[in-house]
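Spelled out, the chains give:
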Amino acid sequence: ANTMVRERTAAYVATRAQELRRLLSREEGPLADLVDLSSLKMKDRDALEDVMRTWLEGVPFESEKLRDERLRAFYKDRYDHRRNVLDWDYSMGLAE
């Protein structure tokens, strides 16, 4: 899945997230001359900062568990037979 990244990539994303948070809060950094944040309201800045905070390395995110819960909710009683359900949907032309 795309949510699983290597440690090196996670560290890179966390570093860039810190730079973007610094840009939002203090308008400093390499992008300060390129980005105009003057029209953003404080609540919009806070919302962006909350999103960027989730990009940090210490934020727990269990993608396999979340995917499993989503599939269980989608298939309900048919969860244990999901391979057969997928094959049936495909062969009957119900799924594109």
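Fair warning: this is a prediction, and the values are worked out from it, not measured in the lab.

Draft legend 1. Representation of the overall build of the chain. The secondary structure content of the chain amounts to four helices and zero strands. Across the chain, helices and strands are ordered from the amino to the carboxyl terminus as α-α-α-α. Within the chain, the proportion of its 96 residues that are buried is 16%. Expressed as a percentage of contacts within the chain between residues at least 6 apart in sequence, the contacts between residues at least 24 apart total 47%.

Draft legend 2. Expanded view of the pattern of salt bridges. Under the counting rule described, the total for this entry stands at seven salt bridges. A salt bridge links R21 to E49; the shortest N-O distance between them is 3.4 Å. With a gap of 28 residues between them, R21 in helix 1 (residues 7-26) and E49 in helix 2 (residues 42-53) connect regions that are remote in the sequence. Pair check on accessibility: R21 and E49 agree, each one buried. Residue D50 is joined to R53 by a salt bridge in which the shortest nitrogen-to-oxygen separation is 2.8 Å. In this pair, D50 and R53 both sit in helix 2, three residues apart, roughly one turn of the helix. Given the relative accessible area of 36%, R53 is considered partly exposed. Here the salt bridges do not stand alone but share partners, grouping R21, E49, D50 and R53 into one network.

Draft legend 3. Broad picture of helix 1. Look at helix 1: 28 Å from first C-alpha to last across 20 residues, which is about the 28 Å you get at 1.5 Å a residue. Among all positions in helix 1, only A14, A17, R21, L23 and L24 are buried. Here the buried face of helix 1 lies against helix 2. E27 sits one or two residues past helix 1 and shows a positive phi near 55 degrees.

Draft legend 4. Just unusual backbone geometry, in detail. Residue E27 is not a glycine yet carries a positive backbone phi of 55 degrees. With respect to the helices and strands, the residue E27 is situated in the loop between helix 1 and helix 2. According to the relative accessible area criterion, E27 is partly exposed, its value standing at 45%.

Draft legend 5. Focus on a nonpolar patch on the surface. A cluster of nonpolar side chains, Y12, V13, V51 and W55, forms an exposed patch at the surface whose accessible area comes to about 370 Å². Residue placement: V13 occurs in helix 1. Of the residues examined, V13 reaches a relative accessible area of 34% and is grouped as partly exposed.

Draft legend 6. Here's a closer look at the environment of R45. On the basis of relative accessibility, which here comes to 11%, the residue R45 falls in the buried class. Sequence separation between R45 and R21 is 24 residues; the distance between their C-alpha atoms is 9.2 Å. Setting aside residues up to four positions removed in sequence, R45 forms contacts with L24, E27, L37, S38 and L40. Within polar-contact distance, the side chain of R45 engages the side chain of E27 at 2.9 Å.

Rules behind the numbers
Residues numbered from 1 in each chain as written. Predicted model: local features only at pLDDT ≥ 70, side-chain atom pairs only at ≥ 80, totals over all residues. Heavy atoms only, no water. Helix = DSSP H or I, 4+ residues; strand = E, 2+ residues; numbered from the N terminus. Buried < 20%, exposed > 50% of the residue type's maximum accessible area, 1.4 Å probe, protein only. Contact = heavy atoms within 4.5 Å. Salt bridge = Lys/Arg side-chain N within 4 Å of Asp/Glu carboxyl O. Expected span 1.5 Å × (residues − 1). Patch = residues over 30% accessible without salt bridge, like charges linked within 9 Å, V, L, I, M, F, W, Y side chains within 5 Å. Areas by Shrake-Rupley, 256 points an atom, 1.4 Å probe, with all protein chains shown as cover. Polar contact = N/O pair within 3.5 Å; in protein donor to acceptor, adjacent residues only side chain to side chain.

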